[in-house]
Amino acid sequence: MIEFTSWDIVRNLLLAARWTVLLSLAAFIGGGIVGLIVLFFRIAKNKWSRRIASGYIALFQGTPLLMQLFLMFFGLPMLGLRIEPWTAAALGLTFFASAYLAEIWRSGVAALPLGQWDAGASLGLHYLQELRLIILPQAFSITRAPTVGFLVQLIKSTALTSIIGFEELVRTSNAINNATFEPFKVYGLVALIFFIMCFPLTQYARRLEKQAAAR
Amino acid sequence: MAFAWLPGALGDIAHGAATTILLIAVTTLAGTLLSILGAAGRRNGPALLKRAIACYVEVMRNTPFLVQLFFIFFGLPSLGIRLDPILAAMLAMTLNMAAYTIEIVGAGLDAVPGGQTEAALALGLRPRQVFVKIVLPQALKIIYPALTSQVVIMMLESAVVSQIAVRELTYEADMLQARTFRSFETYFVVTLVYLALSMALRRLLVSGGRRALGAGVS
């Protein structure tokens, strides 16, 4: 039997944490792009496009992420796509993130005075220019704190991808735990690593919130 | 897509959904109570308690629920605390939810104007009465929508406790798909059940809140 020293445990966990970070980044960037598209539909002038977008958001906010991941993992192969845990995890988290980010940014758009739209129109800008030059920059800037807050939630959510077999921090810790029988130490360390990743972001979000309140 | 297995599975799905509802009911009650104590302690307790509560909130909010659950279920036995899966799940869910609701309840307590406390004290109420009868009801009314969202989020998060073999909705889905080999259809149906549960739970909480806390609760 292989003996695990504490250093072995920490080293293996840190190596696995790379995948947690990578998956979080991929899901955040992917979710941002898809979320932007959902946002366009959500704030469009067409009633049906708004309804479809709010249905999309309600669907992802009203079902467990674990179920969404299972549906990705078992559903995409039915469409004839070969799927690995990594693709299922990244895609699942991307759609999950897109729904939340779209809703956060929509709240930013809704918070802007209507005069901003009128001013844009009176300067002769068309709809897309108004969005790109006037509305979205302001909406992003006032929703920066909840966006960072959601990133923390997303990092924590990557833990669930261990269940569909993606080899990240939690899955590695399960394997190490099965070999060492030291759950207290192993899961304690995993919690610590997640804390180190999330806490600075939480503090940053809090600072942004204070700045926004002071303004 | 094939759903021939569904009629025979309805009993299991209903049983799982009932366990999920039990879990969230216990968590909501225990979590809200704990967070009221926590928020009050964080404002009026001794300095050490204040710091302990602040640490607790930060640790819980910055680590994944799944890891907290594994820590409680697999880690605590090495300290001699051995829990049933369902008890471990209830404990983990309550502790997790309280960390979020302590902040929410605290915000509500801060939002009640200080004049309310002064007026109640001037009427001769004891400090505890002031808190329970004057400040807390007003605070709960203010934060009720945020509390409702947190309960729904926790209900969705409870899917994770299937991983320690609590026989709730997701666990039943895992068992069903292992039996029927219809993974996608099984999870699809169960996802719809979750969607219905979360919508019903939200509606129930809003109408219950209107009755208990009066009009103006959304």
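Everything that follows concerns the structure shown earlier in this document.
*Asks:* Break down the overall build of chain A for me, with residues and values.
*Replies:* For chain A, the helix and strand inventory stands at 9 helices and 0 strands. Along chain A, helices (α) and strands (β) appear in the sequence α-α-α-α-α-α-α-α-α when read from the amino end. For chain A, the proportion of its 215 residues judged to be buried stands at 38%.

*Asks:* Quick rundown of the overall build of chain B? Include the residues and the values.
*Replies:* Across its full length, chain B carries 8 helices and 0 strands. The N-to-C order of helical and strand elements in chain B reads α-α-α-α-α-α-α-α. Expressed along its principal axes, the backbone C-alpha trace of chain B runs to roughly 70 × 45 × 25 Å. Within the span of chain B, comprising 218 residues, buried residues form 41% of the whole. Within chain B, residue pairs in contact and separated by at least 24 positions form 76% of the contacts whose partners lie at least 6 positions apart.

*Asks:* So, the interface of chain A and chain B: which residues are in play, and what are the values?
*Replies:* Of the residues lining the interface, 27 residues belong to chain A; the matching set on chain B comes to 29 residues. Looking at the side of chain A that touches chain B, the elements with two or more residues in it are α3 (65-75), α8 (169-180) and α9 (183-214) of chain A. For the side of chain A that touches chain B, the element with the highest residue contribution is α9 of chain A, accounting for 11 residues. Residue classes in the side of chain A that touches chain B are distributed as 20 nonpolar, 6 polar and 1 charged.

*Asks:* For helix α4 (residues 85-111) of chain B, give the residues involved together with the corresponding values.
*Replies:* Residue and element names in this part refer to chain B. Here α4 is 27 residues long and its end C-alpha atoms lie 39 Å apart, about the 39 Å a rise of 1.5 Å per residue gives. Of all the bends in α4, the greatest, near 30 degrees, is centred on A99. Within α4, 19 of the 27 residues are buried, leaving the element largely enclosed by the surrounding structure.

*Asks:* How would you summarise unusual backbone geometry if you had to cite specific residues and measurements?
*Replies:* Residues and elements named next belong to chain B. The backbone of A165 shows a phi angle near 65 degrees, a positive value even though the residue is not glycine. In this structure, A165 sits in the loop between α6 (127-157) and α7 (169-180). With 13 C-beta atoms packed within 10 Å, A165 lands in the partly exposed category. In this structure, F181 takes a positive phi of about 60 degrees despite not being glycine. Among the secondary structure elements, F181 is positioned in the loop between α7 and α8 (183-213).

*Asks:* Describe the nonpolar core, with residues and values.
*Replies:* By size, the foremost hydrophobic cluster in this structure holds 106 residues, and its most contacted members are L66, L69 and V190 of chain A together with L66, V67, L69 and A89 of chain B. When residues in this core are grouped by element, the largest group, 14 residues, is from α4 of chain B. Every residue in contact with V190 of chain A, bar those within four places of it in the chain, is listed here: L13, L169, V170 and S173 of chain A together with V67 of chain B.

*Asks:* Break down the environment of G106 of chain B for me, citing the residues and quoting the values.
*Replies:* Residues and elements named next belong to chain B. Checked against the element boundaries, G106 lands in helix α4. Taking the C-alpha atoms as reference, G106 lies 23 Å from M90; in sequence the two are 16 residues apart. Look past the residues within four positions of G106 in its chain and what remains in contact with it is A39, R42 and R43.

*Asks:* How would you sum up the environment of Q177 of chain B? Please name residues and give values.
*Replies:* All names here are of chain B. Mapped onto the elements, Q177 comes out in helix α7. Of the residues examined, Q177 has 20 C-beta atoms within 10 Å and is grouped as buried. Put simply, Q177 and Y187 are 10 residues apart on the chain and 7.8 Å apart in space, counted from C-alpha to C-alpha.

*Asks:* Explain α7 of chain B residue by residue, including any values.
*Replies:* Taking 1.5 Å of rise per residue, the 12 residues of α7 of chain B would be expected to cover 16 Å, and the 16 Å separating its terminal C-alpha atoms lies within 8% of that figure. Along α7 of chain B, the residues classified as buried are L169, T170, Y171, E172, A173, D174, L176 and Q177 of chain B. Looking at the packing, one finds that the buried side of α7 of chain B touches α3 of chain A together with α1 (6-44) and α8 of chain B. Positive backbone phi, at 60 degrees, marks F181 of chain B, one or two positions downstream of α7 of chain B.

*Asks:* Break down the packing of α1 of chain B against α8 of chain B for me, with residues and values.
*Replies:* Packed helix pairs are specified by the crossing angle of their axes together with the interaxial distance, meaning the distance between the axes. Residues and elements named next belong to chain B. Where α1 meets α8, the closest approach of the two axes is 11 Å, and the angle between their N-to-C directions is 40 degrees. By the angle class used here, α1 and α8 are oblique. Read as a crossing pair, α1 and α8 show a hand that is right-handed. Across the interface between the two elements, L6, I13, A17 and T20 of α1 pack against V189, V190, V193 and L197 of α8. Its residues assigned to classes, the contact of α1 with α8 shows 7 nonpolar, 1 polar and no charged.

*Asks:* Give me the lowdown on the packing of helix α1 (residues 6-42) of chain A against helix α2 (residues 47-61) of chain A, citing residues and values where you can.
*Replies:* Residues and elements named next belong to chain A. Their axes nearest at 7 Å, the elements α1 and α2 cross at an angle of 135 degrees. Relative to α2, the element α1 lies oblique. Packed against α1, whose contacting residues are V38, F41 and R42, the element α2 presents S49, R50, I52, A53, S54, Y56 and I57 at the interface. Its residues assigned to classes, the contact of α1 with α2 comprises 6 nonpolar, 2 polar and 2 charged.

Cut-off values and rules
Residues numbered from 1 in each chain as written. Chains lettered and ligands numbered in written order. Predicted model: local features only at pLDDT ≥ 70, side-chain atom pairs only at ≥ 80, totals over all residues. Helix = DSSP H or I, 4+ residues; strand = E, 2+ residues; numbered from the N terminus. Buried ≥ 20, exposed ≤ 12 C-beta atoms within 10 Å, placed from the backbone. Contact = placed C-beta atoms within 7 Å. Nonpolar A, V, L, I, M, F, W, Y, C, P; charged D, E, K, R; others polar. Expected span 1.5 Å × (residues − 1). Bend = angle between axes of the 7 residues up to and from the residue. Core = buried A, V, L, I, M, F, W, Y, C linked by C-beta atoms within 7 Å. Axes fitted to C-alpha atoms, helices over the stretch in contact; angles between N-to-C directions. Parallel < 35°, antiparallel > 145°, perpendicular 65-115°, else oblique. Left-handed = near helix turned anticlockwise from the far one by under 90°.

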